[in-house]
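Structure at a glance
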Amino acid sequence: MQAEPVQSKAPEWFILVGGCFFILVLGVSAFWEADIRWLHFFQAWMYIATIALTLRRNRWGYFIGISAAGLWDYANIVATTFFFNGLQQLSQWVHTGHLQRPDLLIAVPAWFSNLAVVIGCLWGYSRLSPKPFGDAGRFLLIFALTTGFFALDMFLFQPRYLGLFLRMLHPHLP
């Protein structure tokens, strides 16, 4: 009898650490800015679902993680200056030893924690077998549902952020 090869747990660790850290960042951010608490509370549930499902190696969890974390990172590169402002604060802090805006700096670890979730989900999904052709449709469905959930969350709790969706489609729109 031949033993099955042992697979690395690295993808799960990327997802677990990245997801938990981003949930922590959401909590810290909500602590600092009370009007976004409900937005962040419901946003965190997408990461909780990702972690719970991917620890079971469920493809739906990988799809949710790629969609939620990927959209967040994409939005913060294309539609907002949050990540770049955070990098600016980090640079200023390194050069002067003075941190003026920790609320902006938090964008840097948030962005990288989402990147870890995306990497872990892509890596974890790549190890699944089989990969039916229908997974492309399942991913598109989950991307639409995840994006819709995020948009509903914004609509209900912070409608001022809804303009991000237009800017994600075209960065030069208002």
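Before reading further, recall that the structure is shown in the block above.
Remember, it's a predicted structure, so these values are computed and weren't measured experimentally. (Residues numbered from 1 in each chain as written. Predicted model: local features only at pLDDT ≥ 70, side-chain atom pairs only at ≥ 80, totals over all residues. Heavy atoms only, no water.)

**Here we look at the overall build of the protein**
Note the threshold: Helical segments are the DSSP runs of H or I of at least four residues, strand segments are the runs of E of at least two, and each set is numbered from the N terminus. For this measure, only C-alpha atoms enter the radius of gyration; the expected value for a globule follows 2.2 Å times N^0.38, where N is the number of residues. In this description, contact between two residues means that some pair of their heavy atoms is separated by no more than 4.5 Å. To measure how exposed things are, a 1.4 Å probe is used in the Shrake-Rupley method; for residues, cover is taken only from the protein chains shown. Neither His nor the chain ends is counted toward charge; the positive residues are Lys and Arg and the negative residues Asp and Glu. Every charge is mapped to an atom, namely NZ of Lys, CZ of Arg, CG of Asp or CD of Glu.
Check the secondary structure of the protein and you find eight helices and zero strands. Reading the protein from its N terminus to its C terminus gives the helix and strand order α-α-α-α-α-α-α-α. For the protein, the C-alpha radius of gyration of 17 Å lies close to 16 Å, the compact-globule estimate for 174 residues. Seen through its C-alpha atoms, the protein measures out along the principal axes to roughly 60 × 35 × 30 Å. Within the protein, residue pairs in contact and separated by at least 24 positions form 70% of the contacts whose partners lie at least 6 positions apart. Total accessible area on the protein stands at roughly 10,100 Å², and carbon and sulfur atoms take up 72% of it. Computing the positive centroid from 11 side-chain charges and the negative centroid from 8, the protein places the two 6 Å apart.

**Quick look at helix H2 (residues 37-54)**
Condition: Helix span, expected: 1.5 Å multiplied by one less than the number of residues in the helix. The buried label applies to any residue whose accessible area, calculated with a 1.4 Å probe on protein chains only, is under 20% of its type's maximum; exposed applies above 50%, and partly exposed to all values in between. The arc under discussion is defined with respect to the helix axis, by the directions toward the C-beta atoms.
If you check H2, its first and last C-alpha atoms are 26 Å apart, about what 18 residues at 1.5 Å a residue would give, namely 26 Å. Residues of H2 that are buried include every one of Leu39, His40, Gln43, Ala44, Met46, Tyr47, Thr50, Ile51 and Thr54, and no others. End-on, the buried residues of H2 take up no more than an arc of 145 degrees, which puts them together on one face. As for H2, its buried residues are in contact with helix H1 (10-32), helix H3 (59-78), helix H6 (107-126) and helix H7 (134-157).

**Some remarks on the pattern of salt bridges**
Test applied: By salt bridge we mean one thing: a side-chain nitrogen of Lys or Arg within 4 Å of a carboxyl oxygen of Asp or Glu.
Applying the stated criterion to the full structure yields seven salt bridges. Between Glu33 and Arg160 there is a salt bridge, and its shortest N-O distance comes to 3.1 Å. Taken as a pair, Glu33 in the loop between H1 and H2 and Arg160 in the loop between H7 and helix H8 (163-169) lie far apart in primary sequence, 127 residues in all. Among the charged side chains, a salt-bridge network with shared partners connects Glu12, Arg57 and Arg127.

**Considering the packing of aromatic side chains**
Note the following rule: Aromatic contacts are taken between Phe, Tyr and Trp rings whose centres are within 6.5 Å, Trp giving its six-membered ring; a plane angle under 30 degrees counts as stacked, one over 60 as edge-to-face, and the others as tilted.
Tallied over the full model, the rule gives 19 aromatic pairs. Between the aromatic rings of Phe41 and Trp45, the centroid separation amounts to 6.2 Å while the plane-to-plane angle is 75 degrees, which identifies the pairing as edge-to-face. Separated by four residues within a single helix, Phe41 and Trp45 lie in helix H2, roughly one turn from each other. Residue class for Phe41 comes out partly exposed when judged on its relative accessible area of 40%. Residue classification places Trp45 among the partly exposed positions, given a relative accessible area of 45%. Measuring from ring centre to ring centre gives 5.4 Å for Phe63 and Tyr125, while their planes differ by 50 degrees; the resulting arrangement is tilted. Of this pair, Phe63 sits in helix H3 while Tyr125 sits in helix H6, and the two are 62 residues apart along the sequence.

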